[in-house]
Amino acid sequence: MNPAGRSKTRCGKFIVSLLSLLLCISTSNAQDLDGVKDTRGFCLYLGQNAERLQQLSDNENLLIHCLVPELKAVQNLQSKLDESKSGASVIIERWTDSHLPHAENLANLIIVDEADSIARNEIERVLAPNGVAFIGDERIVKSKNPNTDEWTHQWHGGDGSLTTQDREIDIPSGIQWLSGPLFAMAGRKSSTQTLVSAGGVNFYVTQNVLENVGQETMDQYLVARDAYNGIVKWQRSWNGPFVTGDGETNPRLAASSSRLFAAGPTSLMALDIYTGETIGESPVEQPIEQVFVLDNLILTQSLNSIQALDFNLENTLWSFKDGTISDFRLTRDNAFVVVSGRSPDGRFQHKLVCIDPQSGSEEWRVNTQPNVESARVKLNFVTEHYVSLIAHGHLHMYSASDGQHLWSTTTDARPGKDYVDERFVGHFFQNGLVWMLAQNSLREFDGQNVWVGLDPQTGEVQRELKTIGPWPNTATPAKMGCQLLIASDRYIIIPRQATFVDFETGEKHPFKFTRGGCGLGFVPANGLVYSHPHACGCFSEAIRGFMGMHSNKLDDIWGNEDNAEARLEIFAETNIHSTSEDDGDWPVYRANGERSAYSSVDLGQKLNERWSVPLTEWQSSVSSQAWRLRSGNLLTAPTVSGDAVFVADVDAGKLFSLDRTTGQVRWEFHASGRIDSPPSVRQGLCVFGSHDGYIYCLESASSQLLWKYRAAPADRRIVAFGNVESTWPVTGTVLFDENMIFTAAGRAPDADGGIVVRALDAASGHPIWSSKVDASQFRGVCDYVVKDGNVVCLGNQRFDAITGALLVDQSSELTHLQGGKVGLLEASWTKHDLALRKDIQTWSAQGASGQLLAWSPKTTASYNAEANMLSIDGEFTHELPLESPSQLTALVITDSYIVAAGGVDRSDETRGGFVQLIDLASGKVKAELTLPAEPVFDGLALSGNCIYVSTQAGQLHCLCTED
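Residues numbered from 1 in each chain as written. Predicted model: local features only at pLDDT ≥ 70, side-chain atom pairs only at ≥ 80, totals over all residues. Heavy atoms only, no water.

Going by what an unreviewed UniProt entry lists, the protein is known as Outer membrane biogenesis protein BamB and is assigned to Thalassoglobus neptunius.

In structure tokens:
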């Protein structure tokens, strides 16, 4: 199909999908919001009724985004919420536009106080399938898009086809939702081993939960996440079998539109998909190996039997018992069983049996000898007309009507690892043909695969599909790994290479912002593509974690760059203070534009605490728990300017200014998104970025908002780590240098249109230049900007500070600070050992490397987390080992000392922390002070003779030194 034809097809499908959705909206009159209190997920509230917002916010299972038209109303509502200390995560934002700033299908609940305040089609666009909207007195329920498909069993459906009928699935272009942890917490290939999806909910068997953080032995959990926004609806302990070690998937879950069926060691359970409550339970005689749902019939396979139960698990309807049952698959009309044993002459014998799934009666039985004589035989897939067996490099086809053997062929398709199930590697029935990977690509950037489409009746080759185009530019091109190869109606999907192969042309469509996780790979459902945390490092992917990927085309957003002035809102006149900066200040994150974490102050040899102030604490809310699972900081590091210290409550998006002498809070300011790192404070201005995609400029003395600039190319919000975030978030710590503000917005260079670096005038907020990163050469994620002379740097790319021109001459060695593959703000290594693999989180600067770095004009200090070793100028001076389980989490340097801070037990941040003064000349600890909790990652600042420390208990400490 030519590109123009493909474009028309997609456009037509979009229109059909939209019309279908509109037709599926059901309405009723309803002022009563009873039942809302039980809703779990994302709520959008358009109104300013403080009582209603308070009622909603009492539900800690909600993430609430409240949009109001006036800034004063924002402040009033925020003040009342601060007083009430609500249980929910609430973002209140001023919004006057006629469209909603949210991705499609994102909200589970929408409440609009005034029906004419927003267009109805906008409500319908943002409302998720199965979601409910109250528009004035009207109640709307949105139905599932009929063009989408679910993934109800281990390998799609009960037929084991590994193919989806989802017509909305296309090449992923960006992120719909994202959640932590970023890395597998336990088994590298098995920490998440099941994903089934039905009723708008994804179900996982996983060890990647908050309860396991810091634990040596990790339990398994059954976790339900919303399919459209990723918010956890419920979780409960999983006591069923947990497949380990080989990247397998677990077949003991199956889902319907209302219930999840889960096989434990002693019983089969029926659970409510929205609450996780047990609806029914049936004891089992043998451990269940597979579970299937067929309408209101539940079927299970154990070692010696197939059983059928009613939907409530109250009665066994029929039972089939026969020898050793090796495998089981079913279609709507037939169920197929492989019964294995040996024939009288000692050879392996496998009988293929067809039974009626409604009655259990045997329809036919055939002995697969002599065509099949392998020790291990599995059902590859079954259809209305055909049954496919796979056995040790051979594919066998049988008639579904009578068991007649139709044909057999050898297959050269092999999994990336010898231990992986052969069915992983690309044998599936799609578009009327049996597709088989006939020739594996060489592991070369321009290597190609050859696929053949076989006639299911004769086995003759009907089509040959040779791939064209390059693989992603990674360390291991063309490697298939231990992940499922799957297919849609238009693509062969290769998760390990993050590549979609066009069924018509063979053209590869790779992307690099993520890749499939071990075992499961990608799971396509609900118009999205899902992946999960892993710990691999050879692909150089930027975005990690549990995620749902969309395929919307957002390239046109960059066409608005010429209208950059429209992004700026001015609230008050800006008065620049021309006073010179105190050399003892710490006005930007890590002290200066180079981010060296160096100060020339003279510190004494004794440490005493002057004051400590509690500012926040971890909450039980949706966003706080998700941010903690992501290994995020509770507080940012502090910055210091003049007589004030500045620090932010990260998840709440709340910025504090404190008196540096007493610790008294002077003012607070709420942004409309997370603030992940501290502000830059100079010339009387306090400037910072937020995950809402904006840069804020406040008067540092009063917190008056002076101007606000949208660094994101468009106002588009998703759910990330349990909170509302821009598709293109901005790091908190903007670079403030020479009356200019430098920052970057985005997530990954090829996700949602990419990453943009911007320069603004500090006084006015007016844009000076913007430049997109070169996606083909960029390494890592969107990060904070670093200064290197007259150049500003983001990751491995450098831009002229005056013009914004991308400097393509990278021939000289890069010595500026870089943060590895996942950036300078990522701290997963402090909790998860697997996050240290393959230098994924290794910083580099000035020829040194480590998980933490600080350098002065003469000396470099580095911390290696794997060795748990602090080094001063590497091996040439001092190497200072730490005793496990303690670890360092922050490091700064002066001309005489290293200030090192960390936790006493990396498995439990609440057990305590420490700050040490280490003499550069001798390498000895000159002074040490204990803290009640671990310092946050990179959470130190120096000013005068004082050390300011943020901790994971939500406290800011001021420690003073003296001789």
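On we go.
## A short note on the pairing of strand β43 (residues 644-649)
Most of β43 sits inside the fold, with 6 of its 6 residues counted as buried. Taking every second residue as pointing to the same face, both faces of β43 are buried, with Ala-644, Phe-646 and Ala-648 on one and Val-645, Val-647 and Asp-649 on the other. As paired elements, β43 and strand β44 (residues 654-659) share 6 bridges and run antiparallel to each other. Bridge assignment links Val-645 to a residue of β44, and that residue is Leu-658. Here β43 folds back onto β44, and the loop between the two strands holds 4 residues, one of which, Gly-653, carries a positive phi near 65°. (Buried < 20%, exposed > 50% of the residue type's maximum accessible area, 1.4 Å probe, protein only. Helix = DSSP H or I, 4+ residues; strand = E, 2+ residues; numbered from the N terminus. Pairing = 2+ DSSP bridges.)

## Section: the packing of aromatic side chains
The tally for this structure, following the rule as stated, stands at 25 aromatic pairs. For the pair Phe-428 and Trp-451, a centre-to-centre distance of 5.9 Å together with 35° between the ring planes defines the contact as tilted. Here Trp-451 lies in strand β31 (residues 450-454) and Phe-428 lies in strand β29 (residues 427-430), a separation of 23 residues in the sequence. Overall, Phe-428 belongs to the buried group, its relative accessible area being 0%. In this structure, Lys-508 is placed above the aromatic ring of Trp-471, and the distance from its NZ or CZ to the ring centre is 4.5 Å. Geometry around Tyr-694 places Lys-708 over its ring, the cationic atom sitting 4.5 Å from the centre. (Phe/Tyr/Trp six-rings, centres within 6.5 Å; stacked < 30°, edge-to-face > 60°. Lys NZ or Arg CZ within 6 Å of the ring centre and 35° of its normal.)

## So, the domain arrangement of the protein
When its domains are assigned, the protein resolves into domain 1 (41-142), domain 2 (174-550) and domain 3 (561-962). Spacing between the C-alpha centres of domain 1 and domain 2 amounts to 39 Å. Counting residues at the interface gives 11 residues for domain 1, matched by 9 residues for domain 2. Surface buried jointly by domain 1 and domain 2 totals about 700 Å² across both partners, of which 51% is contributed by carbon and sulfur atoms. Together, Leu-106, Asn-108 and Asn-130 form the three largest contributors to the area buried by domain 1 at its contact with domain 2, with a combined 43%. Applying the counting rule to domain 1 against domain 2 returns 0 salt bridges. Residue assignment for the side of domain 1 that touches domain 2 shows that the elements contributing at least two residues are β2 (41-46) and β6 (127-135). Tallying contributions element by element places β6 first for the side of domain 1 that touches domain 2, with 3 residues. (Domains from an automatic or database assignment. Contact = heavy atoms within 4.5 Å. Buried area = accessible area lost by both parts, 1.4 Å probe. Salt bridge = Lys/Arg side-chain N within 4 Å of Asp/Glu carboxyl O.)

## Details of the side chain of Ser-771
Looking at the element boundaries, Ser-771 is found in strand β55 (residues 767-772). A polar contact of 3.3 Å, which involves the side chain of Ser-771, links it to the backbone oxygen of Gly-804. For Ser-771, the residues in contact, after removing those within four places along its chain, are Ile-755, Val-756, Val-757, Phe-799, Gly-804 and Leu-806. (Polar contact = N/O pair within 3.5 Å; in protein donor to acceptor, adjacent residues only side chain to side chain.)

## Overview of the sheet that holds strand β16 (residues 278-283)
The strands that make up a sheet are held in pairs by hydrogen bonds between backbone atoms, and each pair lies either parallel or antiparallel. With respect to topology, 4 strands assemble into an open sheet ordered β13-β14-β15-β16, the strand pairing being antiparallel. Edge positions in the sheet fall to β13 (253-255) and β16, since each has one partner strand and no second. Ignoring which end each strand starts from, the neighbouring axes of this sheet average 15° apart. By the bridge criterion, 5 bridges tie strand β14 (residues 259-263) to strand β15 (residues 267-272) in an arrangement that is antiparallel. Each residue of the ladder has a partner; that of Ala-262, found in β15, is Met-269. (Axes fitted to C-alpha atoms, helices over the stretch in contact; angles between N-to-C directions.)

## Considering helix α3 (residues 71-84)
A rise of 1.5 Å per residue sets the reference length of α3, with its 14 residues, at 20 Å; its end C-alpha atoms lie 20 Å apart and thus fit the reference within 8%. Buried within α3 we find Ala-73, Val-74, Leu-77, Gln-78 and Leu-81. Each buried residue of α3 lies within a common arc of 130° when the element is viewed along its axis, so the set occupies one face. Summarising the geometry of α3, the exposed residues directed more than 90 degrees from the buried face are Lys-72 and Glu-83. Looking at the buried residues of α3, the elements they touch are α2 (50-57), β3 (62-68), β4 (89-94) and β45 (665-670). Lys-85 lies just past α3 and shows a positive phi near 55°. (Expected span 1.5 Å × (residues − 1). Arc of directions from axis to C-beta.)

## Considerations on the pairing of β6
Counting buried residues in β6 gives 8 out of 9 residues, a clear majority hidden from the surface. At this point the chain moves from strand β5 (residues 107-112), through helix α4 (residues 120-126), to the parallel β6, and the crossover so formed is right-handed. Bridge count between β6 and strand β7 (residues 138-141): 4 bridges; the pairing is antiparallel. Within β7, the residue paired with Ala-133 across the bridge is Ile-140. (Right-handed = clockwise from strand over helix to strand, strands pointing away.)

## Some points on the sheet that holds strand β49 (residues 705-710)
Judged by pairing direction, the sheet is antiparallel, and its 5 strands sit side by side in the order β40-β49-β48-β47-β46 without closing on themselves. Two strands lie at the open edges of the sheet, namely β40 (568-570) and β46 (680-682), each paired on one side alone. Here the average twist between neighbouring strands, direction ignored, is 15°. Direction of pairing for β46 relative to strand β47 (residues 685-689): antiparallel, over a ladder of 3 bridges.

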